[in-house]
Each structure stands twice: as C-alpha cells, then as structure tokens.
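As a plain string of letters, each chain reads:
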Amino acid sequence: MTTPFKLHNIVKRYQEREVLNIDQLEIPGGKIYTILGPNGSGKTTLLRIMALLLVNDQGSLEVFGEKVNWSKNQILRLRRQMSMVTQTAFMFQGSVFYNVSYGLRKRKASGSEIKRRVDEALEMVGMSAYREADSRTLSGGERQKVAIARALILKPQILFLDEPTSNIDIASGAEIEKYIREINQIWGTTIIMVTHNLFQAKRLADEVLFLHEGKIIEKGKTAKIFDQPADERTAAFMRGETVF
C-alpha cells in the first residue's frame, strides 16, 4: 500500500505566529492514528493540512505518493479519496437518507447504487432504522453516526475524525468507537483522529502522535507512548498534568 502521507518541513503560520512546524512525518496506511496534545498544540491544523483543507506556508506534502501542488484539479481528485467528520455534525434539511446520499448524488451515481450504498453505510453505523427520519429530530450521537455514514458512503481511503465524540453522551461515544474500529478492520480504512480523550486514544489507536507547540515530540506504538514515553513532556501529558 502506498504511504498516504509524507510531510517534510511543513510550517504553518497565522499572521506572525508559527502554529505548526513538522520536520518529517510519514503516515502508513491501514492503521488508526490519534493525534494528542495540549490545546493550541497544532492538532487540528495538522489534520486540516493533511486533509487538503488548509495550505501550508512552507515545506512539501505528498498524498498517495503525489507531491501536492495545490492546483484545483489535483486537490479535487485527492480530496475525493478522503472524508472528514468534525465534532459538531452539520445536517442538511431533510431525511437521514437525503443526508447520507448527498455525496453520491453530487457525483451523479445511479439511483440503485445510491440506495445500496446508503443502506450499507447506515447498517455499518447501526442507523438503518432511521433511514427516513427527519435529520433535525436526531440526538447528538445519532447525528454523529449519520455524519460518519455520510463520510463512509464515498468509500474513502482516509477518514479524518476531529473530536468525533466530544459533544455526545458516553453511551453514544462507546458505540461510535465500536464503529470506528470496525470501519478500520472491515474496510481497511486509514483513520486519523484528533482527540482530547486519552482513554479513547489508548483504546482505539494503533499509533499515537504527540504534539506540543506545533512540533511532533513523539510518534509510535500506542502502548509505548502511554507506558514508556521517551520525553518528559509526553509523560506529563499522559499523567494528566499541564504541559508548558
């Protein structure tokens, strides 16, 4: 499998403030990654650059073995192999079916293919019974499941998750964790997730990236990062202490 992401000397600034400075980073495919770090450490900025939603100021980015030049045609083609779910799921007015089928309708898929793939995606996230429900009547957890189904229907190689369970109840969060694991195991989707929940990261991730002040302090197997961190800043963060 082609390594989905290679980053080299990636820098991002907001006005004069440098918020991200990544020397080298490779993300092999097929695994679940979590990005951890204190508030303001650059987690979402890194996620958005990899998702081609934010342009880096310096450095080079390779996606699926292709150097990103940020041309409109290239970005559209590469983005079509990715999907993102944020912490607050936006729902279009209409039914669950309407919301989940949106991407395929925009790509002018046939009616029979849309129906088959909507049913498949809803079944994957346990929402088949809500197919015709009004999306505005859903709970927060149900909206997140529909948002994940809407992302999955496009069969992305990469699924980005930005705090997908932070605004929902514990039971719904546990269900979504189960679906995240199954999406990775059954479909082989590479999942890159930002989370503040250390327990969630430990349960789900194959590998962890720890960011501090815009830099990757450590990257490695989850058990090693949690149990034998090489850097004291990582160790302090894993203990729940404030990291400066």
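Everything that follows concerns the structure shown earlier in this document.
Right, let's walk through the structure included here. Keep in mind that what you see is a predicted model, and the values were worked out from it rather than measured.

Another aspect to go through is the packing of helix H6 (residues 140-152) against helix H7 (residues 170-187). Contact geometry of H6 with H7 gives a least axis separation of 9 Å together with a crossing angle of 15 degrees. Taken together, H6 and H7 sit at an angle that is classed as roughly parallel. Where H6 crosses over H7, the two elements pack in a sense that is right-handed. Residue-level inspection shows Gly-141, Gln-144, Lys-145, Ile-148 and Leu-152 of H6 in contact with H7, the latter providing Ser-172, Glu-175, Ile-176, Tyr-179, Ile-183 and Trp-187. A per-class count over the contact of H6 with H7 returns six nonpolar, three polar and two charged.

What follows deals with H7. Relative to the 26 Å expected for 18 residues at 1.5 Å per residue, H7 spans 25 Å between its end C-alpha atoms, a close match to the ideal helical length. What H7 keeps buried is the set Ser-172, Gly-173, Ile-176, Glu-177, Tyr-179, Ile-180, Ile-183 and Asn-184. In a view along the axis of H7, the buried residues occupy a sector of 165 degrees, so they form one face of it. What points out from H7, more than 90 degrees from its buried face, is the exposed set Ile-170, Gln-185 and Ile-186. Looking at where H7 begins, the residue whose side-chain oxygen comes 3.2 Å from the main-chain nitrogen of Ala-171 is Asp-169.

What follows deals with the sheet that holds strand S2 (residues 17-27). To summarise the sheet geometry, strands pair through backbone hydrogen bonds and adopt either a parallel or an antiparallel arrangement. Strand order in the open sheet formed by four strands is S2-S1-S4-S5, and the pairing between neighbours is antiparallel. Since the sheet does not close on itself, it has two edges, and those belong to S2 and strand S5 (66-67), each with one partner. In this structure, strand S1 (residues 5-14) lies alongside strand S4 (residues 58-63), joined through five bridges in antiparallel fashion. By the bridge assignment for S4, Phe-5 is matched with Val-63.

The next subject is the sheet that holds strand S10 (residues 215-221). Ordered in space as S6-S7-S8-S3-S9-S10, the six strands form an open sheet in which the pairing is mixed. What marks the edges here is a single partner per strand, and that holds for strand S6 (82-85) and S10. For this sheet, the mean angle separating the axes of adjacent strands, direction not counted, is 15 degrees. H6 rests against S6 and strand S7 (158-162) of the sheet, and its axis sits at about 170 degrees to S6. Along the sheet, H7 contacts strand S3 (32-36), S7 and strand S8 (190-194); its crossing angle with S8, the most-contacted strand, is approximately 150 degrees.

Per the stated rule, a full pass over the model turns up 16 salt bridges. Close ionic contact of Lys-12 with Asp-57 constitutes a salt bridge, the shortest N to O distance being 3.7 Å. Taken together, the residues span a long stretch of sequence, with Lys-12 in strand S1 and Asp-57 in the loop between helix H1 (43-50) and S4 at a distance of 45 residues. Note on Asp-57: relative accessible area 40%, which makes it partly exposed.

The rules we used
- Residues numbered from 1 in each chain as written.
- Predicted model: local features only at pLDDT ≥ 70, side-chain atom pairs only at ≥ 80, totals over all residues.
- Heavy atoms only, no water.
- Axes fitted to C-alpha atoms, helices over the stretch in contact; angles between N-to-C directions.
- Helix = DSSP H or I, 4+ residues; strand = E, 2+ residues; numbered from the N terminus.
- Parallel < 35°, antiparallel > 145°, perpendicular 65-115°, else oblique.
- Left-handed = near helix turned anticlockwise from the far one by under 90°.
- Contact = heavy atoms within 4.5 Å.
- Nonpolar A, V, L, I, M, F, W, Y, C, P; charged D, E, K, R; others polar.
- Expected span 1.5 Å × (residues − 1).
- Buried < 20%, exposed > 50% of the residue type's maximum accessible area, 1.4 Å probe, protein only.
- Arc of directions from axis to C-beta.
- Polar contact = N/O pair within 3.5 Å; in protein donor to acceptor, adjacent residues only side chain to side chain.
- Pairing = 2+ DSSP bridges.
- Salt bridge = Lys/Arg side-chain N within 4 Å of Asp/Glu carboxyl O.

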